[in-house]
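Summary of the model geometry
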Amino acid sequence: MHPDIFHRDFSPAPYWWEAYTPTVGDLVDVPRGARVAIVGGGYAGLSAALELVKHGIDAVVLEANELGFGASTRNGGAVSGGVNVGKSFTGKIVEVDGDRVEWILSDAGDAFALIDRLIDEEKIACFWEKAGRFVGAWTKKHYDTQSRRLAMLNAAARSGAYMVPRERQREEIASDYYFGGMVVDRSGKLHPALYYKGLLDACRRRGIAVCAKAAVTRIAREGSAWRVETARGSLSAGDVVIATNGYTGSLTPALRRRVVPISSHIITTEELPLDLARSLIPRARTLSDTKRVLCYYRMSPDNRRMVFGGRARFTQVDATVSAPILHRYMTARFPQLRGVKVTHAWTGNVAFTLDALPHMGRRDDLHYCLGCNGSGIAMMTYLGWQTARKIARVANYACSFDTEEFPDHPLYSGNPWFLPVVGGYYRLRDNLDRLLA
Ligand SMILES: Cc1cc2nc3c(=O)[nH]c(=O)nc-3n(C[C@H](O)[C@H](O)[C@H](O)COP(=O)(O)OP(=O)(O)OC[C@H]3O[C@@H](n4cnc5c(N)ncnc54)[C@H](O)[C@@H]3O)c2cc1C
């Protein structure tokens, strides 16, 4: 441990879990059958179940662990209005064909509208605030690239984006760390675990069986139906949806080969003096940057703590490794936070895809929605919803993420052994970019 950064009440668990801790709840029995079985009980699984039931289709959610074990209660709570679509885990924007970009961004815009509507309709108390995002430019060149993307973001994703030059950066952040940056007005923030709990409550209100500790171990055809075997009994289902994202395992090898699980890490500080807390992010936005190994941060919902995340390492590591690195990244941006202690540090898996795009569709006759690429609060809620509408045959337009094409790589079988090397290389490239800027 680095005694100078850890608070005496330090906990190696998400800060968000103080409001909702993943739990098995009243253990719901696995039913004998359901029209649709959903594997994975995160945002995607719950939103799919909710939408199916709204169309009179009975669905069961099968979760391997406690309810909310996955990324859905571990994330930073920054809700993107589409700006991250097509950004690879190297931070590079992946170019997509002309017309498709607009289609994709339009879906990303719809994802933002969906989450806004769901929170309102289901009366989810999760500190939802449409405060916008500031994306700091790591170099002058990055600033210029951001400027060039503006028009497209505004036209296709209705982002309300605009540039903030370096001279005016302090209106956004109490730091001179960046070369200016882009504000994306149509972005928001929420308390991720309370949003999760709100979706869970909405499912329960509608009588949906959400079964904890029901790891799906085998899915096999049985006539025209599926036999789904779980750790707590098996069931028969007409359709199966795989919503396991960064926790996709050996159950679905063909999908596992198409997602790269990368760890992301977050720390939360102790409560800061009021004046200091209010000064750091004057417009209460969420922040991220254009580095390959990016950081993302925001104030806590009570505006007293800094919640600071990033890829301190690309793999799961102990808080004693990740927290000092994130603390260093944080004080590089905010030297005024030197000496501030860390109360919470945690990690979770993000699913990256080889084309940096989210995907939904059908493989081996199983439906799937996977690949948030780091920005999945709105997107995975949306892909679950879209998958449900497709199964219910009520989708009135085709989703841009529903394509045959879901790339894999001959050298990747689902074991991302190469990540530490990749992480080190991209940190080096980031430093070189800045040195040469
Ligand atoms: C540290 C971190 C920070 C992030 N920050 C942001 C952010 O600020 N903004 C943003 O938009 N996104 C962010 N994300 C991404 C976002 O959290 C995810 O995209 C989203 O939560 C994914 O939801 P999901 O339902 O697809 O998957 P998850 O919530 O990960 O759920 C998948 C579930 O599948 C279960 N499962 C796996 N295998 C089986 C099986 N065989 N049987 C049954 N269940 C199984 C797992 O136990 C898991 O609970 C972040 C992610 C992390 C980890």
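Residues numbered from 1 in each chain as written. Predicted model: local features only at pLDDT ≥ 70, side-chain atom pairs only at ≥ 80, totals over all residues. Heavy atoms only, no water.

Digging into the site of the ligand
The criterion, for reference: We define proximity as follows: a residue is near a molecule or strand when any one of its heavy atoms falls within 4 Å of that partner. We call two N or O atoms a polar contact when they sit within 3.5 Å, provided that within protein one can donate a hydrogen and the other can accept it, with sequence-adjacent residues counted only if both atoms are side-chain atoms. Only the protein chains shown count as cover for residues, and the accessible areas themselves come from Shrake-Rupley with a 1.4 Å probe. Under the scheme used here, helices are H or I runs from DSSP no shorter than 4 residues and strands are E runs no shorter than 2 residues, and both carry numbers assigned from the N terminus. Think of it as three bins: nonpolar holds Ala, Val, Leu, Ile, Met, Phe, Trp, Tyr, Cys and Pro, charged holds Asp, Glu, Lys and Arg, and polar takes everything else, Gly as well.
If you check the shell around the ligand, you find 37 residues, and the closest are Glu 63, Ser 72, Ala 78, Val 216 and Cys 372. Within the backbone of Ala 78, an N or O atom sits 2.7 Å from a nitrogen atom of the ligand. A distance of 2.9 Å is found between an oxygen atom of the ligand and a backbone nitrogen or oxygen belonging to Ile 377. Taken by itself the ligand offers 1000 Å² of open surface, and the protein chains cover 95% of this. Broken down by element, the residue count for the shell around the ligand peaks at three residues, all from strand 17 (residues 342-353). Residue composition of the shell around the ligand, by class: 19 nonpolar, 16 polar and two charged.

Things to note about the environment of Ala 44
Here is the rule: Exposed residues in this analysis have more than 50% of their type's maximum accessible area, buried residues have under 20%, and partly exposed residues fall in between, with area computed by a 1.4 Å probe over protein chains only. What makes two residues a contact is simply this: any of their non-hydrogen atoms within 4.5 Å.
In this structure, Ala 44 sits in helix 1 (residues 43-54). By relative accessible area, which is 7% here, Ala 44 ends up buried. Separated by 165 residues in sequence, Ala 44 and Ala 209 place their C-alpha atoms 15 Å apart. Excluding anything up to four places from it in sequence, Ala 44 contacts Ala 243, Cys 369, Met 380 and Gly 384.

Comments concerning the pattern of salt bridges
Definition in use: Each salt bridge in this description consists of a side-chain nitrogen of Lys or Arg and a carboxyl oxygen of Asp or Glu lying within 4 Å of one another.
What the rule picks out here adds up to 28 salt bridges. The salt bridge involving Lys 197 is made with Asp 201; its shortest N-O contact spans 3.0 Å. Pair noted here: Lys 197 and Asp 201 are both in helix 4 (residues 192-205), with a separation of four residues, about one helical turn. Judged by its relative accessible area of 25%, Asp 201 is partly exposed. As a salt-bridge pair, Glu 271 and Arg 304 come within 3.9 Å of each other at their nearest N and O atoms. Highlighted residues: Glu 271 in the loop between strand 13 (259-269) and helix 6 (274-280) and Arg 304 in the loop between strand 15 (295-299) and strand 16 (306-310), separated in sequence by 33 residues.

Looking at the environment of Leu 52
Along the chain, Leu 52 turns up in helix 1. Given the relative accessible area of 1%, Leu 52 is considered buried. Along the sequence, Leu 52 and Gly 25 sit 27 residues apart, while their C-alpha atoms lie 23 Å from each other. If near-sequence neighbours (up to four positions away) are discounted, Leu 52 is found in contact with Val 36, Ile 38, Ile 57, Ala 59, Ala 388 and Ile 391.

Observations concerning the pairing of strand 12 (residues 233-242)
The condition is simple: Pairing between strands is defined by DSSP: at least two bridges between them are needed.
Looking at chain direction, strand 2 (residues 33-39) and strand 12 are connected through six bridges and run parallel. Residue pairing in the sheet places Gly 33 in a bridge with Ser 236 of strand 12. Relative to strand 12, strand 11 (residues 225-230) runs antiparallel, the two sharing five bridges. Across the sheet, the residue bridging to Val 228 is Leu 235, located in strand 12. Hairpin remark: strand 11 followed by strand 12, antiparallel, with two residues in the connecting loop. Two strands pair when backbone bridges link them, and strand 12 and strand 19 (residues 366-370) are joined in this way by two bridges, in the parallel orientation. Paired with Ile 242 across the bridge in strand 19 is Tyr 368.

Quick notes on unusual backbone geometry
When glycine is set aside, most residues are seen to have a negative phi, and most peptide bonds are trans. Despite not being glycine, Lys 123 has its phi angle at roughly 50°, a positive value. Along the chain, Lys 123 turns up in the loop between helix 2 (98-121) and strand 5 (133-136). Using a relative accessible area of 71% as the deciding quantity, one classes Lys 123 as exposed. Not every positive phi belongs to a glycine, and Ala 284 is a case in point at roughly 60°.

What to know about helix 9 (residues 419-436)
The condition that has to hold: To estimate how far a helix should reach, multiply one less than its number of residues by 1.5 Å. In this description, the arc belongs to the directions extending from the helix axis to the C-beta atoms.
For helix 9, which comprises 18 residues, the first-to-last C-alpha distance of 26 Å matches the rise-based estimate of 26 Å (1.5 Å per residue) to within 8%. Every buried residue of helix 9 is accounted for by Leu 419, Val 422, Gly 423, Tyr 426 and Asp 430. Down the axis of helix 9, the sector holding all buried residues measures 100°, keeping them to one side. In helix 9, the exposed positions that point more than 90 degrees away from the buried face belong to Val 421, Leu 428, Leu 435 and Leu 436. Against the buried residues of helix 9 lie strand 13.

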